[in-house]
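Chain and residue survey
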Amino acid sequence: CDAAGMVIAANAAMSALAGEPLAGRSLLDLFRGAAAQQAADELRAAVSAERHWRATLSVGGKAIAADVRAKPLPAGWGLPGASFVFTDLGALENGQEALRKTMLEQQAILDHAPVGIVFTKPGLLKECNPRLAEMVGYSVDELADRDAGEMFATLDAYQSFRDEAFAALAKGGSYENPECPFRRRDGSLFWARVRASAVVPGEREAGTIWIIEDVSETREARRELQALVNNASLAIMFTREQRIRRGNAGFFEMFGYAVGECEGLPVACLHPDRAAFERVVAEAYPLFAEGRTYQGEVQLAKKDGTPIWSKVIGYPVNPDDLSHGYVWIAEDRTRQRRDEQALREALQENQAIFDTAVLGIAVVENGHTLHGNRKMEELFGHAPGTMTGVSIRSLYPDVEGWQAARLDTARDFAAGRVSVSERLLVRSDGATFWGRLSGRPFDQDDPGGRSLWLVDDVTAQHEAAEAVRRARDELELRVSARTAELAGANALLQDEIVERRQAEARVHHMAYHDSLTGLPNRALLADRLQQAIHAAQRNGTRLAVMFLDLDRFKNINDSLGHATGDYLLKEVAARLCHVVRASDTVARLGGDEFVVLVPGAGTQEECSQVGDKIIEALGAPVRFEGHSLHISPSIGICVYPDDGADVDLLMRHADAAMYQAKAAGRNNYQFFKERMDGEVARAFAMHALESNLRQALANGEFEPFYQPIMDMRTRRVHALEVLLRWRRPEHGLVMPDDFIPTLEENGMIVPVGEWVIRRACEQSMAWQRAGLAPVPLAINLSARQFMHRALVASIKRIVDETGIDPQLVEFEITETALMQHGEQTLEILDQINRMGMRLSIDDFGTGYSSLAYLKRFPVRKIKIDRAFIRELEASSEDRAIVAAVMALANSLQLQVVAEGVETEEQLALLRDYGCQYVQGWLFARALDAEAARELLAG
Ligand SMILES: Nc1nc2c(ncn2[C@@H]2O[C@H](COP(=O)(O)O[C@H]3[C@@H](O)[C@H](n4cnc5c(=O)[nH]c(N)nc54)O[C@@H]3COP(=O)(O)O)[C@@H](O)[C@H]2O)c(=O)[nH]1
């Protein structure tokens, strides 16, 4: 009832007692039968006194005796009202039985309750059920009136528990402690959940009912779970409203946060970006809505942004109410993923190697292939992907080959070796090939197990090796045949070698011997003389060099012919050899010159003896073809060391002495004297110069120079006169006046002159090839050269061989030379003229030209001798001569060159006389080829 006595609630028994529902009715209505006011007073008094009394109720017109207990409502009701317990006394008797049954049922409940239930009065246990007794290890009876503190782990624990519990109960409420430590009789502890309520709220003395539930196992399990969670290497996180609420140590560690640091942060912060987070949300939340678990491998991010690959499992805490949040378990798979990636790449690489290998690769087990790469398929002609499960036997053309391979392989594998062999294999189309096999077991301890094989097609090598073997056999045959052949050839070669040696000996002999007489020549004589000088030096002895020239030999040669001359020379050689000792040397230098070298002869007597013997031996007439030839020598003798210490000097002095013998009347010998008389000296000098000029031509010591002939009108080069120079070693440049007369005298002017023409033509062509304008050459011809019968042929040959334009060649012949030979001269000049070359008369004015001839000569030009130019300004006579020459030239329509022009005055006068061309130092001296080229290049 509330404070106004209105029924708030009534149980079923009460409604049954009242015969109708009572809620909302006034309780006083039950007491109407009695004096209502009295009943109301009594009720209030009973409530405030919390007592019970006997009352008569008026229900449904009936009076019912009832026992009423009244009590104010507990504070928890929130109303100032009272509770009433009505006991129908009439029905009580009938209910005794029912009550007893209820009591028994309740006792059964207590006895079998799975929780401990105990009733206490302050400080003491009063009653308890068997479960509690079991929990603490006492009997129910033993616990009666026992001190409650004994049940607790410690006295302190009991006291704090007691204070806390009774403080709560004192407020009229119930008390609950989820985990409280208790002690068993044997001293062991257990944990229990305790709930308590006061029998009479707020009245401790009225006693307290305790329900004690052993939660030790649950607690242990929870602790274990907690430890598990805390120590898990996995990250475990609890989220609610998309914020991080809690995480285990693994979580903080995985994401790089300090413990508790990120609690409250948005979950998105664990993702690399918003989009990644939303992808997970989009995938996971629909699953959660269906009460399912989300699983995925996603990329997350550490606090510092480092990406983490993580396997994530998420599920709702309460699938029925998603507002409770979610549990997320994340496993860091970054390393595994990296390892997996590396593994995947390695596998791909291996696969690529496997697929692209140039060798066939197969894994074999139990006589069949497990895998084979593409090359393997290709080798054996299998379609792609069909190399698996192929019988190894089928890869061999016959059973013998296969058996042999098996046996060898088994032997190799058992010995721990790689099995390498070359075998004939067969393709699926039946074609065979040679394969090089290389196999080894996967596991050395299981040689009969799985094995790896490499196969290479070596048919080509096999065939090549076979071909090589055949070729080698063939070669061996050919080698033996060739060896036999060579043996024959070798014999021939030996003969050839002998012949070659003989030929070489002949060549050597020819090089050092005179071909006509077989005597040593100049070179061998020089060598022998040198050796004899060394020997004489060593031994302190002397030696004699005797130079012989046959008197008037040229006469015999010219009159009786070369054959007679040759015979005579050979006879002289034989006689000389006959009269001297074998240790002496007889040599022929050329022509009619001989030298006898007499080692050991030093005194005049010894030399005279030899000289006399020679004169005597040559004195006897020589008979040849009916002629009796008389010959005598002129002998020059010089002695080492008195007359010279080297070969050259001794030869020259012997030569000089020979000239003395000639001068002394021939057919005698003379010893070398330091002083010679003038004629002998001249003859000797002439002889020496001739000898040197011969050497000069052979050694290339001659050199043409070029002096320009200028056009008076244009003052440009009209032609170049070719003037010979001799670059004589140790003498410098020798001018032609010093050697041309000698060349003319001894006839050498013919070969030297021919050389000059050839060299000048070659030079002109070289200048033209170098791009210079062609300039005519004026080449001197001496009288003797001009009269030589081979001149015209020689000039023609030079023109042909050098390719020079004949118009560019002009020959200068002295006036004297022209006048010497009359008609013959005319003939030669005509021939030269017909070849297209020009002719001019040199040194004009110094000879005595016949005007009749002059008119007939095909000359174009005359050169006024420089003797008339030199004094031109001073000498009226020379001016008159020059004027006359100019008049003559004009009348004969000849061009005129004035040579030796050294001054402008001379030039001016010559211009006045109408001279067209001038030559002289006023313009240029004779220049070497390089200077002349520069002049022409201008
Ligand atoms: N048969 C051959 N005779 C030849 C050849 N080379 C030259 N000679 C003849 O030798 C003579 C001397 O010649 P060289 O000493 O060269 O003298 C020549 C000029 O250098 C000289 N000359 C020219 N201008 C002047 C000058 O102004 N003053 C001066 N004092 N001398 C000068 O004159 C010589 C040329 O003379 P020429 O030949 O008459 O034109 C000489 O007679 C040459 O002919 C050869 O290869 N073969």
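Since we're looking at a predicted model, the values are computed, not measured.

1. Description of the overall build of the protein
Scanning the protein from N- to C-terminus turns up 30 helices and 34 strands. Across the 938 residues of the protein, 28% fall into the buried class. Sequence separation of 24 or more characterises 51% of the internal contacts of the protein that already satisfy a separation of 6 or more.

2. Looking at the site of the ligand
The environment of the ligand is formed by 25 residues, the closest being Leu 723, Pro 736, Asn 780, Ser 782 and Gly 920. Elements with a minimum of two residues in the shell around the ligand: strand E27 (717-728), helix H21 (749-769), strand E29 (777-781) and strand E31 (838-844). A total of 3 residues in the shell around the ligand trace back to one element, the largest contributor, which is E27. Among the residues forming the shell around the ligand, the class breakdown is 10 nonpolar, 7 polar and 8 charged.

3. Some remarks on the packing of helix H15 (residues 553-560) against helix H16 (residues 562-579)
Relative orientation of the contacting elements H15 and H16 amounts to 140 degrees, with a least axis distance of 6 Å. Between H15 and H16, the angle falls in the class oblique. Where H15 approaches H16, its residues Phe 553, Ile 556, Asn 557 and Leu 560 are matched on the opposing element by His 562, Thr 564, Gly 565 and Leu 568. In the contact of H15 with H16, the residues fall into 4 nonpolar, 4 polar and no charged.

4. Comments concerning the environment of Ser 794
Here Ser 794 lies in helix H23 (residues 791-802). With 18 C-beta atoms packed within 10 Å, Ser 794 lands in the partly exposed category. Sequence separation between Ser 794 and Arg 758 is 36 residues, and the spatial gap between their C-alpha atoms is 9.4 Å.

5. Some points on the confidence of the model for the protein
On average, residues of the protein carry a pLDDT of 89, and 96% of them reach 70 or more. The spread of mean pLDDT over the elements of the protein runs between helix H2 (residues 36-49), the lowest at 69, and strand E26 (residues 702-711), the highest at 98. In the predicted complex, the global pTM is 0.44; the interface-specific ipTM is 0.94.

6. Concerning the sheet that holds strand E17 (residues 432-441)
An order of E15-E14-E18-E17-E16 is seen for the 5 strands of this open sheet, with the pairing classed as antiparallel. Looking at strand neighbours, the two that pair on one side only are strand E15 (368-372) and strand E16 (419-426), the edges of this open sheet. On average, each strand axis in the sheet is tilted by 35 degrees relative to the strand beside it, whichever way the strands run. Contacts from helix H12 (residues 399-414) reach E16 and E17 within the one sheet, and its direction differs from that of E16 by about 165 degrees.

7. Some thoughts on H21
Counted at 1.5 Å a residue, the expected span for H21 with its 21 residues is 30 Å, and the 30 Å between its end C-alpha atoms agrees. Buried residues of H21: Ile 749, Val 752, Gly 753, Val 756, Ile 757, Ala 760, Cys 761, Gln 763 and Ser 764, and no others.

8. Thoughts on the nonpolar core
Leu 777, Ile 779, Ile 862, Ile 864, Val 896, Ala 898 and Val 918 are the most contacted members of the largest nonpolar core, which totals 65 residues. In this structure Ile 862 touches Ser 840, Ile 841, Phe 844, Val 885, Ala 889, Leu 894 and Val 896, once residues within four positions along its chain are discounted. In this structure, Phe 547, Val 572, Leu 576 and Tyr 640 belong to the second largest nonpolar core, which totals 50 residues.

9. Concerning the pairing of strand E7 (residues 189-200)
Where strand E6 (residues 175-183) lies against E7, 7 bridges are found, and the strand directions are antiparallel. Bridge assignment links Tyr 175 to a residue of E7, and that residue is Ala 196. Hairpin connection between E6 and E7: a loop of 5 residues separates the two successive antiparallel strands, and Gly 187 in this loop has a positive phi of roughly 90 degrees. Of the strand pairs in this sheet, E7 and strand E8 (residues 203-214) are connected by 8 bridges, and their pairing is antiparallel.

10. Overview of the sheet that holds strand E5 (residues 124-128)
Taken in spatial order, the 5 strands make up an open sheet running E5-E4-E8-E7-E6, and their pairing is antiparallel. At either end of the open sheet lies a strand with only one pairing partner, and these are E5 and E6. Between one strand axis and the next, the sheet turns by 35 degrees as a mean value, whatever way the strands run. Strand direction decides the pairing type here: strand E4 (residues 116-121) and E8, joined by 5 bridges, are antiparallel. When the bridges of E8 are listed, Phe 119 appears paired with Ile 209.

11. Some remarks on helix H14 (residues 522-539)
Three or four residues apart is the spacing at which side chains of an α-helix point the same way, because the helix has 3.6 residues per turn. The end-to-end C-alpha distance of H14 is 25 Å, a good match for the 26 Å that 18 residues give at a rise of 1.5 Å each. Those residues of H14 that fall on the buried side of the exposure criterion are Leu 525, Leu 529, Ala 532 and Ile 533. Angular distribution of buried residues about the axis of H14 spans 105 degrees; they occupy a single face of the element. Exposed residues pointing more than 90 degrees away from the buried face of H14 are listed as Ala 523, Gln 530, His 534 and Arg 538.

12. Considerations on the pairing of E29
Within a regular strand, side chains alternate between the sheet's two faces. Counting buried residues along E29, 4 of its 5 residues qualify, which places the element largely inside the surrounding structure. The pairing of E29 with strand E30 (residues 809-814) spans 5 bridges and is parallel. Paired with Ala 778 across the two strands is Glu 810, which belongs to E30.

The rules behind these values
Residues numbered from 1 in each chain as written. Predicted model: local features only at pLDDT ≥ 70, side-chain atom pairs only at ≥ 80, totals over all residues. Helix = DSSP H or I, 4+ residues; strand = E, 2+ residues; numbered from the N terminus. Buried ≥ 20, exposed ≤ 12 C-beta atoms within 10 Å, placed from the backbone. Contact = placed C-beta atoms within 7 Å. Near = placed C-beta within 6 Å. Nonpolar A, V, L, I, M, F, W, Y, C, P; charged D, E, K, R; others polar. Axes fitted to C-alpha atoms, helices over the stretch in contact; angles between N-to-C directions. Parallel < 35°, antiparallel > 145°, perpendicular 65-115°, else oblique. pLDDT = per-residue confidence, 0-100. Pairing = 2+ DSSP bridges. Expected span 1.5 Å × (residues − 1). Core = buried A, V, L, I, M, F, W, Y, C linked by C-beta atoms within 7 Å. Arc of directions from axis to C-beta.

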